[in-house]
Structure formats: structure tokens, C-alpha cells
Amino acid sequence: SQKIEQNSEALNIQEGKTATLTCNYTNYSPAYLQWYRQDPGRGPVFLLLIRENEKEKRKERLKVTFDTTLKQSLFHITASQPADSATYLCALNRDDKIIFGKGTRLHILP
Amino acid sequence: EAQVTQNPRYLITVTGKKLTVTCSQNMNHEYMSWYRQDPGLGLRQIYYSMNVEVTDKGDVPEGYKVSRKEKRNFPLILESPSPNQTSLYFCASSLFYGLGVSTGEAGELFFGEGSRLTVL
């Protein structure tokens, strides 16, 4: 069956460092992959989308890579700040459905 | 302001009492979807709709119904709620839906603020 796996339940990063989150998927080939941020008790907020024919996408301090051979996406936050602390979700299309990983909780330590 | 609005935000009900969670978007989006979010299980798709009168099951449709009579509205109906439907529910919409490489179209999902439902 198809699976989306995100690395670790929680990730602690020192302020100012780069945070790297991983999203792995198995048993299918999505046309695109998205990353969302979710704060406690709130709905997810879209951050970035990358298509299967794109290797890398950037937006301000955020960078996403998409390796269809490894079936993996990496999400980087450079110069991390305490305000970046949240849960980050990756999502992929599976036919007409958009399915989500369980998310990685990121804590940026001051 | 572009938004997805869900109501109610919080609801406590009892087993078997039918309820409807409304969802409305003001962005003229084609695609709408319902998710439930549970600790340890993440966001799971219940139903989705690609346009008016077109709905389909997600990964966890049992116990739920939906309808899409108008483009802006996509209510979630629990005909006979049970305690295992206690969850945080999110409605989402998107301008495009993912059909894969053939269309090349894909869109970000806009989420509502969530509806926390407790079934006793």
C-alpha cells in the first residue's frame, strides 16, 4: 500500500541553524508534493509546492527538494527562528486525492 | 477576504444524533475536501469533490456523507455519530485538483479553522 513517512516525531534545532525535515513515500509516483505548516489547533497553511519535474523550489528562507528516484522530499528552513516552531506536513497527490504525512513537530530553541 | 469557513467550531453531541458540519468557500474553487485529524494518525481524507454534483470517497469515508449542490458549499453529514468519530475536522478547498502529469495542474489547499467534534 502507499505510504508517506515523515522523519521523527519531534525535531529540536538551535535558533539560527538550518532545520531539515524529510518526507519519504513508497509505492506510487506523485505528480507533485506540497509542504504545509500547522500550528496547534489551527488549520494547515500552504508553504510550497514542487512538481515531479522540478528538483528544487525556494521561497524566502524555505527550500524544498524533490528526488523522484529516492522517493523523497527534503524541506529546509534556513536561519531558523523560534517563530518557525510548528508541525510541518508533507502532502502528495494520489490520483484525485491529496494525502498527508503525519507531520514533524519542529522546535526552534532560542 | 479569501477564506474557508466551517461551522460549528466546537460541538459536543451524543451517539446517534444526526449532525451536519457546514463548509463554505468564497474563492470559487472547484475542489473541496474533508479531512479528520487524530493524534498519531495525522490528517486523513474523508470525502472530496472535484466540482458540483461530483463527490468521491477518500480513505476513511465510513459513517459520513457529503453533498455538493453548489460550488461554494460542501457540508459533512454524520447520520448516526459514534464515539469513534470524535475528532478534529478540517474542510479544505483548492482552485485545481491533482490529476497528475496529464493535466499539469495542481493547487494549494486552503483550510478552514477546524471543527472539534466530541461524540459521547
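Residues numbered from 1 in each chain as written. Chains lettered and ligands numbered in written order. Predicted model: local features only at pLDDT ≥ 70, side-chain atom pairs only at ≥ 80, totals over all residues. Heavy atoms only, no water.

J.: Go over the state of the cysteines with me, naming the residues and quoting the values.
T.: Counted under the stated rule, the structure contains two disulfides over all chains. Here Cys23(A) connects covalently by a disulfide to Cys90(A), the sulfurs 2.0 Å from one another. For the disulfide bridge between Cys23(A) and Cys90(A), the dihedral angle about the S-S bond is near 60°, and by the sign convention the bridge is right-handed. Here Cys23(A), found in strand 3 (residues 19-26), pairs with Cys90(A), found in strand 9 (residues 86-94); they are 67 residues apart in sequence, far enough to count as distant. Exposure remark for Cys23(A): the relative accessible area of 0% places this residue in the buried category. Residue classification places Cys90(A) among the buried residues on the basis of a relative accessible area of 0%. One disulfide bridge connects Cys23(B) with Cys91(B), the sulfur atoms lying 1.9 Å from each other. Here the disulfide of Cys23(B) and Cys91(B) is left-handed, its torsion about the S-S bond being about -75°. Taken together, the residues Cys23(B) in strand 3 (residues 19-25) and Cys91(B) in strand 9 (residues 87-94) connect sequence positions 68 residues apart. Comparing Cys23(B) with Cys91(B) shows no difference in burial state: the two are buried. (Disulfide = S-S within 2.5 Å. Helix = DSSP H or I, 4+ residues; strand = E, 2+ residues; numbered from the N terminus. Buried < 20%, exposed > 50% of the residue type's maximum accessible area, 1.4 Å probe, protein only.)

J.: I'd like a rundown of the sheet that holds strand 8 (residues 76-78) of chain B, residues and numbers included.
T.: Pairing between the strands of a sheet is mediated by backbone hydrogen bonds and can be parallel or antiparallel. Residue and element names in this part refer to chain B. Strand order in the open sheet made by the four strands is 1-3-8-7, with antiparallel pairing throughout. Looking at which strands have only one partner, the edges of the open sheet turn out to be strand 1 (4-7) and strand 7 (65-66). Bridge count for strand 7 against strand 8 is two bridges, and the pairing is antiparallel. Residue pairing in the sheet places Lys65 in a bridge with Ile77 of strand 8. (Pairing = 2+ DSSP bridges.)

J.: Please provide a residue-by-residue account of the pattern of salt bridges, values included.
T.: Side-chain pairs of opposite charge can arise whenever the charged atoms involved come near each other. Applying the stated criterion to the full structure yields ten salt bridges over all chains. With a closest N to O distance of 2.7 Å, Glu113(B) and Arg42(A) form a salt bridge. Remark: Arg42(A) occurs in the loop between strand 4 (32-38) and strand 5 (45-51) and Glu113(B) occurs in the loop between strand 10 (110-111) and strand 11 (115-119); the pair is interchain, linking two chains. Judged by relative accessible area, which is 30%, Glu113(B) ranks as partly exposed. A relative accessible area of 44% places Arg42(A) in the partly exposed class. Look at the salt bridges and you will find they share partners, linking Arg94(A), Lys97(A) and Asp59(B) into a network. (Salt bridge = Lys/Arg side-chain N within 4 Å of Asp/Glu carboxyl O.)

J.: Quick one: what's the story with the sheet that holds strand 7 (residues 62-67) of chain A, residue by residue and with numbers?
T.: Residues and elements named next belong to chain A. A sheet is described by the order of its strands in space; here five strands give the open sequence 1-3-8-7-6, paired in antiparallel fashion. Each edge of the open sheet carries a strand with a single partner, namely strand 1 (3-6) and strand 6 (56-59). Adjacent strand axes in the sheet meet at a mean angle of 15°, parallel and antiparallel pairs treated alike. Pairing between strand 7 and strand 8 (residues 72-77): six bridges, direction antiparallel. By the bridge assignment for strand 8, Phe66 is matched with Ser73. (Axes fitted to C-alpha atoms, helices over the stretch in contact; angles between N-to-C directions.)

J.: Which residues make up the interface of chain B and chain A, and what values go with them?
T.: Contacts between the two partners involve 28 residues from chain B, matched on the other side by 23 residues from chain A. Both faces combined, the contact of chain B with chain A buries some 2,000 Å², and carbon together with sulfur accounts for 51% of it. In this structure, the connection of chain B to chain A is made through three salt bridges. The partner of Lys97(A) in a salt bridge is Asp59(B), and the shortest N-O contact between them spans 3.9 Å. Put simply, the parts of the chain that give the side of chain B that touches chain A at least two residues each are strand 4 (31-38) and strand 5 (42-51) of chain B. Among the elements that line the side of chain B that touches chain A, the one with the most residues is strand 5 of chain B, at five residues. Looking at side-chain class alone, the side of chain B that touches chain A contains 13 nonpolar, ten polar and five charged residues. (Contact = heavy atoms within 4.5 Å. Buried area = accessible area lost by both parts, 1.4 Å probe. Nonpolar A, V, L, I, M, F, W, Y, C, P; charged D, E, K, R; others polar.)

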